[in-house]
Every structure is written in structure tokens, then in C-alpha cells.
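Structural overview for review
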Amino acid sequence: MATFDVIPAVDLRGGRVVRLLRGDFRHETSYGDEDPVAVAMAFVDGGAQWLHVVDLDGARAGHPVHGPVIERIVAAVGSRAAVEVAGGLRTVEAVTGILASGAARAVVGTAALSDSSFPARLVAMHGPDRIAVSLDVRDGVAVGAGWVAGAAGVPLDLALGGLTAAGVRWIEVTAIDRDGTLGGPDLDLLRKGIAERSLRTIASGGIASVDDLRDVRALGCAGAIVGRALYDGTLSLVDALEVAVE
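In every chain, residue numbers begin from 1 and rise along the written sequence. Predicted model: local features are reported for residues with pLDDT of at least 70 only, side-chain atom pairs are reported and counted for 80 or more only, and whole-chain, interface and lining totals are derived from all residues. Hydrogens and water are ignored here; the side-chain numbers use all heavy atoms of the structure.

**Some details on the overall build of the chain**
Looking only at helices and strands, the chain has 11 helices and 12 strands in total. Expressed as a percentage of the 246 residues in the chain, the buried residues total 54%. In the chain, of all internal contacts separated by at least 6 residues, the share reaching a separation of at least 24 is 67%. Of the roughly 10,000 Å² of accessible surface on the chain, 51% is carried by carbon and sulfur atoms. Strands are runs of DSSP state E lasting at least two residues, helices are runs of H or I lasting at least four, and both sets are numbered from the N terminus onward. Whether a residue is buried, partly exposed or exposed follows from its accessible area with a 1.4 Å probe, protein chains only, as a fraction of its type maximum: under 20%, in between, or over 50%, in that order. When checking whether two residues touch, look at their non-hydrogen atoms; a contact exists if any pair is within 4.5 Å. Each accessible area is a Shrake-Rupley estimate made with a 1.4 Å probe; only the visible protein chains count as cover when residues are assessed.

Structure follows, in C-alpha cells:
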């Protein structure tokens, strides 16, 4: 693992690659009918060592939906890149299944917030480097359930404390109001995650430029997930990856 990883996002809905604005399914941008496997391979061909694959339909349904597509992505990138998978992983069986398919890391959110024993069991079963917890934050509260309006959540400070106690090593922190906006990362929010030094923080949401990547790296983040900026051409993968080796 590099000191800092730039992780392209491949978000799946209805078999297509899409981006949502602030997690709102009513504000979706589709990036053509190209096979998601081809999109993933293009990132890896461009030098990406990690991919962040999100089953958006799974996040909404509460269980994996795009399993076959994700398996094809994992098989296609082979030993050239690692794949982490998020969306709908709310049971031990779902997490075990996605890891058995070849994913390097499973990212859980909703179930980790609603049941503090869940991430502890996963870490005990699979080790701390194969499990990450997504903290998707709105108004200081980490929420799950696909970010739908009114979803229950946990105050961020309490969530961080619980994950530390559970032995979690990796967290992915997203400012929901920045996601898909190209408005820059929420550095104050990321500092809260980084302040818990036993956790390694991956930044997500709003990243639009090389300067944004440098900012989150300077904070102490272990990596950053980049989505819309790569698809819209605001940020090139070549330039983004250069930050990882500076």
C-alpha cells in the first residue's frame, strides 16, 4: 500500500456507471452505456492501483444487487489492482461473499452504525485491512440507509469512538453535501477522523483538483476517492496519481 492512494470510483446503478449529486437518486448523471468492466479496466490501464466500486442499488435495497458485475470487474483487473466494494453489505454473509469473490476490501456503513458489534466481528473474521467503515456525514451525524432523507444516524464523535473500540483500522469519510459537487473536500470534517490516530482515513466527496488531493494528503489522509472529477475531465487520472508519489 502506498503512503497515499488515489482511488477512482465506479458507482453502479441499473448496470450502468453513474454519479449522484449529494447521494440523491433523483439527480443522477449516467456516463454512457459502456460496460462497467471497461470503465474499471480503463482506470487500471491508466495506473490506478485501487478501485472503489459501489453498488448503489444494493445500498438502497439493503443487500447486494450487482454481485455478478462486481465479480467481472474483480476478475478483469486481476493482480494489477485491488478492488474495494461498498453498497448493501449489511450481513456477515454478504461481506464474506464479496471478499470470497476476490475483492480486497469490503466497505460497510449502515450495519456498522446500527450494530456496534458488527464491525468487530468482521475484523475478527477477516482482519483489519480487509474491512473499512464508511462514515457518510450530514450535519455532524454519520448516516446510512443509502443516505435517504430521514435516515437514522450516529453522532460522528460517538461513531469514531465505537469503531476504534471495535478494532477497525480503515474509515472512509464523506461529506454528503459535497459529494458529486466538485466543491472541494470538507477539510474540517476530515480532521475529526484523522484526530483518531488509530484509524486510517480515506477522504471522499467534492474532490475536484490536484490541489484538493494535496490538501487531504497534507492533513494526514491515507487516500482519496475520486469520482465525478475524473469522469467530467476536471481532473486527469495521470495528474491525480502523481500526487500519490510526490
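Resuming the write-up.
**Examining the pairing of strand β11 (residues 200-204)**
Across the 5 residues of β11, 4 count as buried, placing the element largely inside the fold. With 5 bridges joining them, strand β10 (residues 170-175) and β11 adopt parallel strand pairing. Paired with Thr174 across the strands is Ser204, a residue of β11. Looking down the strands as they point away from the viewer, one classifies a crossover as right-handed if the path from the first strand across the helix to the second runs clockwise. Handedness of the β10-helix α8 (residues 187-194)-β11 crossover: right-handed. Here a strand pair is declared whenever DSSP counts at least two bridges between the two strands.

**A closer look at the environment of Ala48**
Its place among the elements puts Ala48 in the loop between α1 (36-45) and β4 (50-55). Its relative accessible area of 2% is what places Ala48 among the buried residues. Put simply, Ala48 and Ala240 are 192 residues apart on the chain and 9.6 Å apart in space, counted from C-alpha to C-alpha. Aside from chain neighbours lying at most four places away, what touches Ala48 is Pro8, Phe43, Arg80, Ala81, Leu237 and Leu241.

**Some details on the environment of Val53**
Inspection of the secondary structure puts Val53 in strand β4. The sequence separation of Val53 and Pro8 amounts to 45 residues, and the corresponding C-alpha distance is 8.5 Å. Those residues in contact with Val53, other than ones at most four positions away along the chain, are Val10, Leu12, Ile70, Ile73, Val83, Glu84, Val85 and Ala86.

**Details of the pairing of strand β12 (residues 223-226)**
Each regular strand displays side chains that alternate between the two surfaces of the sheet. Residues of β12 alternate between two faces, with Gly223 and Ile225 on one and Ala224 and Val226 on the opposite face, all of them buried. Sheet topology note: the strand β1 (residues 5-13)/β12 ladder contains 4 bridges and is parallel. If you follow Ile7 over to β12, its bridge partner there is Ile225. Note: β11 against β12, 3 bridges, orientation parallel. Within β12, the residue paired with Ile202 across the bridge is Gly223. Handedness of the crossover joining β11 and β12 through helix α9 (residues 210-219) is recorded here as right-handed.

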